[in-house]
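Close look at the chain arrangement
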Amino acid sequence: MATVTNTTQASFYFILTGIPGFEVSHIWISIPFCCLYTISIVGNTTILAVIRTEPSLHQPMYLFLSMLAVTDLGLTLTTLPTVMQLLWLNIRKISFEACFAQFFFLHGFSFMESSVLLAMSFDRYVAICRPLHYVTILTTKVIGRIALAIICRCILAVLPSLFLLKRLPFCRSHLLTHSYCLHQDMIRLVCADIQVNSWYGFALVLLIIVMDPLLIVLSYAFILKSILGTASWTERFQALSNCLSHILAVLVLYVPMVGVSMTHRFARHASPLVHVIMANIYLLAPPVMNPIIYSVKTKQIRQGINNLLFKRNMCLR
């Protein structure tokens, strides 16, 4: 096989895969995908519009929620073009550079989702364990610095893996097993030593995919300790209610993430359909479910949505 080097990458392309075994039904399968993408875009855009237009929501908790909505929008818009053009038009080819661009944004927004949820757990910890210092600790300036740190963290995490992969020759099949470009999928096509890539990937897993959930669990351990020390059951219930939306968002991200990792680790020889379904759940569940969770479980967001709809109806009259 011919080895693809840096001088020939311009003409190199990857071939994406839709739903294995259901190629003839792609046009029908596109309907639920289209609905999920629509829910994600409309839901997260609505969350952002509500927080922007409601002065009462200009608080740390909702500023972090707006970061989560932006991240979910980014994740949605990163996979939407290749998924829908494959299902609708059966366009399977993606250029070398376009694939690496999608790789960067896909993994970047995925890591950003984890980082934002970690920041939100810190917000809940301060709100419940240090309520008198909440406003002085989480000022607008501090939140801005946290947002900048999250962006820098994700860029610095993804760029090395991108450059480490891009320097390697691709000389195996062009065929990817998903309808978007994932690192673990692309690296299978490399015909060179990938030991450095593997060690960096392992370090990345420890620093983000393992450390973030552990820190979230630690923050909730302190929160639970503080709640159990409160005087009444009413106060305990109220404190837990304030954390419920965040807990559900954490589960929606990390349960599919663990499922995907377990599938790649222990079910490598399983049907390709299993891997495709797990990957799609992992990438679509958070952007779709997060706006639903926060709209249903957060009274202030529900009120904001109602006010936004009322103002829109008044403008249309």
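Every residue gets a number counted from 1 within its own chain, in the order that chain's sequence is written. The predicted nature of this model means local features are confined to residues of pLDDT at least 70 and side-chain atom pairs, given and counted, to a pLDDT of 80 or more, with totals for whole chains, interfaces and linings taken over all residues. The side-chain figures draw on all heavy atoms in the structure; neither hydrogens nor water molecules are used.

**Some details on the pattern of salt bridges**
Think of a salt bridge as a Lys or Arg side-chain nitrogen and an Asp or Glu carboxyl oxygen that are within 4 Å of each other. Using the criterion set out here, one finds four salt bridges in the structure. Here aspartate 185 ties to arginine 188 by a salt bridge, and the two come within 2.9 Å at their closest N and O atoms. Here's how the labels work: a residue is buried when its accessible area is under 20% of the maximum for its type, exposed when over 50%, partly exposed in between, all with a 1.4 Å probe on protein chains only. A relative accessible area of 40% means that arginine 188 is categorised as partly exposed.

**Structural notes on the nonpolar core**
In this structure, Phe14, Phe33, Phe170 and Met186 are the most contacted members of the largest nonpolar core, which totals 84 residues. If you list the elements that add at least two residues to this core, you get helix 1 (26-53), helix 2 (60-89), helix 3 (96-129), helix 5 (140-166), helix 7 (195-228), helix 8 (233-266), helix 9 (272-297) and helix 10 (299-316). We count a stretch as a helix when DSSP gives it H or I for four or more residues in a row; a strand needs E for two or more, and each element gets its number in order from the N terminus. Broken down by element, this core gets its largest block of residues, 15 residues, from helix 3. Setting aside its immediate chain neighbours within four residues, phenylalanine 14 contacts Arg92, Lys93, Ile94, Phe96, Cys99, Phe170, His174, Leu176, Met186 and Leu189. Residues enter a nonpolar core if they are buried and are Ala, Val, Leu, Ile, Met, Phe, Trp, Tyr or Cys, with the set joined through side-chain atoms within 4.5 Å. Throughout, a contact is declared for two residues whenever any of their heavy atoms are within 4.5 Å.

**Remarks on the UniProt feature "transmembrane region" (unreviewed entry) in the chain**
Here the UniProt-annotated "transmembrane region" (unreviewed entry) positions come out as residues 27-51, 63-88, 100-122, 142-165, 199-223, 244-267 and 273-293. As annotated, residues 63-88 has a helix share of 100% and a strand share of 0%, and its two end C-alpha atoms lie 37 Å apart. The span residues 199-223 is 100% helical and 0% strand by assignment, and the distance between its end C-alpha atoms comes to 35 Å. UniProt positions are given in the numbering used here, feature names are shortened, and annotations may be inferred rather than shown by experiment.

**Details of the confidence of the model for the chain**
Per-residue confidence from the predictor is given as pLDDT, running between 0 and 100. When the pLDDT values of the chain are averaged, the result is 86; 93% of them are 70 or greater. Contacts for the low-pLDDT stretch residues 5-9, under 50 throughout, to residues beyond four places or in other chains number five contacts.

**Some details on unusual backbone geometry**
Here asparagine 90, not a glycine, exhibits a phi torsion of approximately 60°, which is positive. Mapped onto the elements, asparagine 90 comes out in the loop between helix 2 and strand 2 (93-95).

**Here we look at the state of the cysteines**
Disulfides are covalent bonds that connect the sulfur atoms of two cysteines. By convention in this document, the label disulfide applies to cysteine sulfur atom pairs within 2.5 Å. Scanning all chains against the criterion turns up one disulfide. Paired through a disulfide, cysteine 99 and cysteine 181 show a sulfur-sulfur distance of 1.9 Å. Its S-S torsion of approximately -120° makes the covalent link between cysteine 99 and cysteine 181 left-handed. A residue pair is termed long-range when its members are at least 10 positions apart, and cysteine 99 in helix 3 and cysteine 181 in the loop between helix 5 and helix 6 (183-186) qualify at 82 residues. Here the two residues cysteine 99 and cysteine 181 agree in accessibility, since each one is buried. In this structure cysteine 129 is not part of a disulfide, and its nearest cysteine sulfur, from cysteine 243, lies 8.8 Å away. A residue is classified by how much of its surface remains accessible, and cysteine 129, at 22% relative accessible area, is partly exposed.

**Topic: the environment of phenylalanine 103**
Position of phenylalanine 103 relative to the elements: it lies in helix 3. Residue classification places phenylalanine 103 among the buried residues on the basis of a relative accessible area of 1%. C-alpha separation for the pair phenylalanine 103 and threonine 79, spaced 24 residues apart in sequence, amounts to 9.8 Å. Contacts of phenylalanine 103, omitting those with residues within four sequence positions, involve Val158, Ser161, Leu162, Cys181, Leu182, His183 and Met186.

**Quick notes on the environment of leucine 16**
Note on placement: leucine 16 falls in the loop between strand 1 (13-15) and helix 1. The contacts of leucine 16, once residues within four sequence positions are left out, are Thr82, Leu86, Arg92, Ile94, Leu176, His178, Ser179, Tyr180 and Cys181.

**Digging into the packing of aromatic side chains**
Whether two aromatic rings pair depends on their centres lying within 6.5 Å, for rings of Phe, Tyr and Trp, where Trp uses its six-membered ring; planes under 30 degrees apart make the pair stacked, over 60 edge-to-face, and the rest tilted. Inspection of every chain in the model, using the stated rule, returns ten aromatic pairs. Ring-pair connections join several aromatic residues into one group, and the members of that group are Phe14, Phe96, Phe100, Phe103 and Phe170. We call a charge positioned above a ring when the Lys NZ or Arg CZ atom is no farther than 6 Å from the ring centre and deviates by at most 35 degrees from the ring normal. Sitting over the face of the ring of tyrosine 13, lysine 93 holds its NZ or CZ atom 4.5 Å from the ring centroid.

**A word on the packing of helix 3 against helix 5**
Comment: axis = line fitted to C-alpha atoms, over the contacting stretch for helices; angle = value between 0 and 180 degrees taken between N-to-C directions. Two elements in contact, helix 3 and helix 5, have axes whose closest approach is 9 Å; the angle formed by their N-to-C orientations is 145°. Between helix 3 and helix 5 lies a crossing whose hand is right-handed. Three classes are used, and their members are as follows: Ala, Val, Leu, Ile, Met, Phe, Trp, Tyr, Cys and Pro are nonpolar, Asp, Glu, Lys and Arg are charged, and the others, Gly among them, are polar. The class makeup of the residues in the contact of helix 3 with helix 5 is 18 nonpolar, four polar and three charged. In this scheme, a crossing is called left-handed if the near helix is turned counterclockwise away from the far one by less than a right angle; it is called right-handed if the turn is clockwise.

**Some words on a nonpolar patch on the surface**
Here, patches come from residues exposed beyond 30% relative accessible area and free of salt bridges, joined within 9 Å for like charges and within 5 Å for nonpolar side chains (Val, Leu, Ile, Met, Phe, Trp, Tyr). Here the Shrake-Rupley method, with its probe set to 1.4 Å, supplies the accessible areas, and only the displayed protein chains count as covering residues. A contiguous nonpolar surface patch, about 670 Å² in accessible area, is contributed by Ile27, Trp28, Ile31, Trp88, Leu89 and Ile91. Sorting the residues of the nonpolar patch by element identifies helix 1 and helix 2 as the ones contributing at least two each. Broken down by element, the nonpolar patch gets its largest block of residues, three residues, from helix 1. Mapped onto the elements, tryptophan 88 comes out in helix 2.

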